[in-house]
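The primary structure of each chain is shown beneath.
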Amino acid sequence: MCGIVGAVAERNITAILLEGLKRLEYRGYDSAGVAVFTNNGTLERMRRNGKVAELEQALAGEPLAGRLGIAHTRWATHGAPCERNAHPHFSGSDLAVVHNGIIENHEALREQLKGLGYVFTSDTDTEVIAHLLNHKLKDNSDLTAALKATVKELHGAYGLAVISAKQPDRLVAARSGSPLVIGLGLGENFLASDQLALRQVTDRFMYLEEGDIAEIHRDSVQIWDVNGQSVQREAVQYSDGAEAADKGEYRHYMLKEIHEQPAVVQRTLENRLGQDHVLVQAFGPQAKELFAKVRNVQIVACGTSYHAGMVARYWLESLAGIPCQVEVASEFRYRKVVVQPDTLFVSISQSGETADTLAALRNAKELGFLGSLAICNVGISSLVRESDLTLLTQAGREIGVASTKAFTTQLVGLLLLTLSLGQVRGTLEAGVEAQLVEELRRLPARLGEALAMDSIVEKVAELFADKHHTLFLGRGAQFPVAMEGALKLKEISYIHAEAYPAGELKHGPLALVDNDMPVVTVAPNNELLEKLKSNLQEVRARGGELIVFADEQAGMTNGEGTHVINMPHIHDVLAPILYTIPLQLLSYYVAVLKGTDVDQPRNLAKSVTVE
Ligand code: F6R
């Protein structure tokens, strides 16, 4: 997704902007650019299609030095990825704009502005903002006042940063639907779409709220809220060791993050488990009262987070006896939904800024849900701010685009939710809760044992190097785990992968099976094992090659065309968390063999803040 960095200082800010862009690279982008009010008194820009390194190289050849500037990484939505469409966008030679988000009425505005004589040089919705702002400056030469007038005409989502050669003492910003944070320095101030971009220059931040407009000078910041009232936003000191954007001993962030799972699961459990029960107040002071009224749960999320929700459905219904529906946010938000009485709305998101999930939450508020709970990894995110209750996963910053540790910590959070609901509503026996609490305490060690299989899985990955299609099978709560395994493989190795509940195989997908189609299966030792074994026979009978991650007590053995990888035994309820690990490792090693860009796979972005 797009990223914004801005700076107003007494020193040259170009290197700060570039470093900020590099720190945002993990979000995914296809072009980058910078605009600087130079020491010669002119507004200049440099843009490049491709990586920030190419922009940096271009700037090394033709340096831009100045004390005021904005920069951007673009993930194409309107117009192809190319230099012409890269931000910053200019209107005339004095005004530069960078923008995250989507302006929905850009076509109408474009026609209107063309009629006024503005000439467009890109296909982007952002250029519309630059020209509209220029037009507003004709009525009011103050940049902030003109921006206030401009945003009134914009429909859609935006995080905006603007500079003008005519008012070079300030950086002006606006937020609606796309996050922005001000970094506070000493005699210098900064702006970014994510504080990570500014951790090199400050650890004090001020988060803009929906509808805020900010005027940022070297030594002062002024903010107006959605009603145009001057407001103060709290300055927050940020310290988070887990945030270190550093691969350490690992070749890729993804591998590092896979190996962090025992530690982050441990952190997610901290302060949330009593002797033999879950501490319900971990969900917030009003949780107990609210949970007591819950008769249904509606889960909404996207991608990997949606798969976590699907696992939770098995848990909520089988352990807490609570009916649960799970839906992808992009569908839920546009569907006419019938809400059962006393339904808790649960959103799951790593970033807490996913546009579809956020929109679903906002819609849900109109639909008569009992209350809302966010299971999220970012405490300062919009999703958290706008939900009644929150459970923060403690995964730390996830840099690899493919989600790994966020998923397993979400699963832990969802199991805590299940146990809490069962406890408060009296639908879960105390003994069962106590046993699962004990199993949760042991989980980090179990995950460590699964990670110790790293080199075994690396070897198995060789079976996939020349394959183009794969099937993933699971039954019960392992079906969503299979879905997550398939998503990981397609995301980073670009191998087509589909997941099916194993019992569904004979209803269609079996037609695909031949000796060129590896079939990956997760097989814990539970009541569905024998049924699963029969499904695997169906595959073998058609020449399909089986890769089975099986409980060491499942009695499955290697044979011709059957590769069994033994997994440590685990309580069946926690099996989805454990069995996720080898599937993450498998997709990672297949991608490494295929030589893809593991941490920044093509066409994908880390935080999907547009529709
Ligand atoms: C897959 C992946 C995506 C995200 C999805 C939702 O590896 O990362 O599918 O899970 O875009 O993102 P969040 O969880 O931030 O709402």
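What you see is a predicted model; the values in this text were computed from it and never measured. (Residues numbered from 1 in each chain as written. Predicted model: local features only at pLDDT ≥ 70, side-chain atom pairs only at ≥ 80, totals over all residues. Heavy atoms only, no water.)

**Some details on the side chain of Gln298**
Note the threshold: The secondary structure listing takes helices from DSSP runs of H or I that are at least 4 residues long and strands from runs of E that are at least 2 residues long, numbered from the N terminus. The rule is simple: take the accessible area with a 1.4 Å probe, protein chains only, and divide by the maximum for that residue type; under 20% is buried, over 50% is exposed, in between is partly exposed. Any two residues having at least one pair of non-hydrogen atoms within 4.5 Å are treated as being in contact.
For Gln298, the position within the fold is in strand β16 (residues 296-301). On the basis of relative accessible area, Gln298 is assigned to the buried category, the value being 5%. Once residues lying within four places of it in the same chain are set aside, the contact partners of Gln298 are Gln325, Val326, Glu327, Phe332, Thr343, Leu344, Phe345, Val346 and Phe369.

**So, the sheet that holds strand β17 (residues 324-328)**
This is how it is decided: For two strands to count as paired, DSSP must find a minimum of two bridges between them. To define axes, lines are fitted to C-alpha atoms, for helices over the stretch in contact only, and angles between the resulting N-to-C directions are given on a 0 to 180 degree scale.
On the basis of which strands lie adjacent, the open sheet formed by five strands has the order β17-β16-β18-β19-β20 and parallel pairing. Both edges of this open sheet fall to β17 and β20 (389-392), since each of them pairs with a single strand only. Adjacent strand axes in the sheet meet at a mean angle of 20°, parallel and antiparallel pairs treated alike.

**Quick word on the sheet that holds strand β13 (residues 221-224)**
If you walk across this open sheet you meet the seven strands as β5-β6-β7-β8-β12-β13-β14, and the pairing is antiparallel. Each of the sheet's edge strands pairs with one partner strand only, and the pair in question is β5 (89-91) and β14 (230-231).

**Side note on the pattern of salt bridges**
Selection rule: A carboxyl oxygen of Asp or Glu within 4 Å of a side-chain nitrogen of Lys or Arg is what we treat as a salt bridge.
Across all of its chains, the model carries 31 salt bridges by this definition. Across the pair Arg170 and Asp169 runs a salt bridge whose closest N-O atoms are separated by 3.1 Å. Look at Asp169 and you get partly exposed, because its relative accessible area is 37%. Glu530 is paired through a salt bridge with Lys533; the nearest N and O atoms lie 3.4 Å apart. Highlighted residues: Glu530 and Lys533, both in helix α17 (residues 529-541), separated by three residues, approximately one helical turn. Connected via shared salt-bridge partners are Asp142, Asp169, Arg170 and Glu215.

**Quick notes on the UniProt feature "active site" (unreviewed entry) in the chain**
Selection rule: UniProt positions are given in the numbering used here, feature names are shortened, and annotations may be inferred rather than shown by experiment.
Per the UniProt record, the feature "active site" (unreviewed entry) sits at Cys2 and Lys606. Over a stretch of 605 residues, the named residues converge on one spot in the fold, their C-alpha atoms separated by at most 9.9 Å. By secondary structure assignment, the location of Cys2 is in the segment before β1 (3-8). Classification of Cys2 by relative accessible area gives buried; the value is 12%.

**What about the pairing of strand β24 (residues 545-551)?**
For the record, the criterion: When the strands point away from the viewer, a crossover counts as right-handed if the path from the first strand over the helix to the second runs clockwise.
Counting buried residues in β24 gives seven out of seven residues, a clear majority hidden from the surface. Taken together, strand β23 (residues 518-523), α17 and β24 form a β-α-β motif whose crossover is right-handed. Sheet analysis places β24 next to strand β25 (residues 562-567), joined by six bridges and oriented parallel. When the bridges of β25 are listed, Asp551 appears paired with Met567.

**A look at the packing of aromatic side chains**
The line we're drawing: Aromatic rings from Phe, Tyr and Trp, with only the six-membered ring used for Trp, were paired whenever their centres fell within 6.5 Å, and each pair was classed as stacked if the ring planes differed by under 30 degrees, edge-to-face if by over 60, and tilted otherwise. Placement of a charge over a ring requires the Lys NZ or Arg CZ to be within 6 Å of the ring centre, with the centre-to-atom vector within 35 degrees of the ring normal.
All told, the structure shown has six aromatic pairs when counted by the stated rule. Between Phe283 and Phe291 the ring centres are 5.3 Å apart and the planes differ by 65°, which places this aromatic pair in the edge-to-face class. Pair check on accessibility: Phe283 and Phe291 agree, each one buried. In this structure an aromatic cluster arises from ring pairing among Phe332, Phe345 and Phe369. Here the guanidinium or amino end of Lys148 rests over the ring plane of Trp224, the centre of that ring lying 3.7 Å away.

**Focus on unusual backbone geometry**
The phi torsion of most residues other than glycine is negative, and most of the peptide bonds are trans. Backbone torsion omega between His87 and Pro88 reads 0°, so that peptide bond is classified as cis. As for its placement among the helices and strands, Pro88 is situated in the loop between β4 (66-74) and β5. In this model, Tyr494 sits at a positive phi of 65°, which is unusual for a non-glycine residue. Among the structural elements, Tyr494 can be located in the loop between α16 (478-493) and β22 (496-501). Given the relative accessible area of 26%, Tyr494 is considered partly exposed.

**Re the packing of helix α7 (residues 261-269) against helix α13 (residues 405-425)**
Spelled out, the test is: Should an angle fall under 35 degrees it is taken as roughly parallel, and over 145 as roughly antiparallel, whereas 65 to 115 is taken as roughly perpendicular and any remaining angle as oblique. Crossing handedness is defined as follows: a turn of the near helix away from the far one that is anticlockwise and smaller than a right angle gives a left-handed crossing, while the clockwise case is right-handed. Polar here means any residue outside two lists: the nonpolar Ala, Val, Leu, Ile, Met, Phe, Trp, Tyr, Cys and Pro, and the charged Asp, Glu, Lys and Arg; Gly therefore counts as polar.
Relative to each other, α7 and α13 sit at 30°, their axes nearing to 9 Å. Relative to α13, the element α7 lies roughly parallel. Seen from above, α7 lies across α13 with right-handed handedness. Of the residues in α13, those in contact with Gln261, Val264, Val265, Thr268 and Leu269 of α7 are Lys405, Thr408, Thr409, Val412 and Leu416. Of the residues assigned to the contact of α7 with α13, the class counts are five nonpolar, four polar and one charged.

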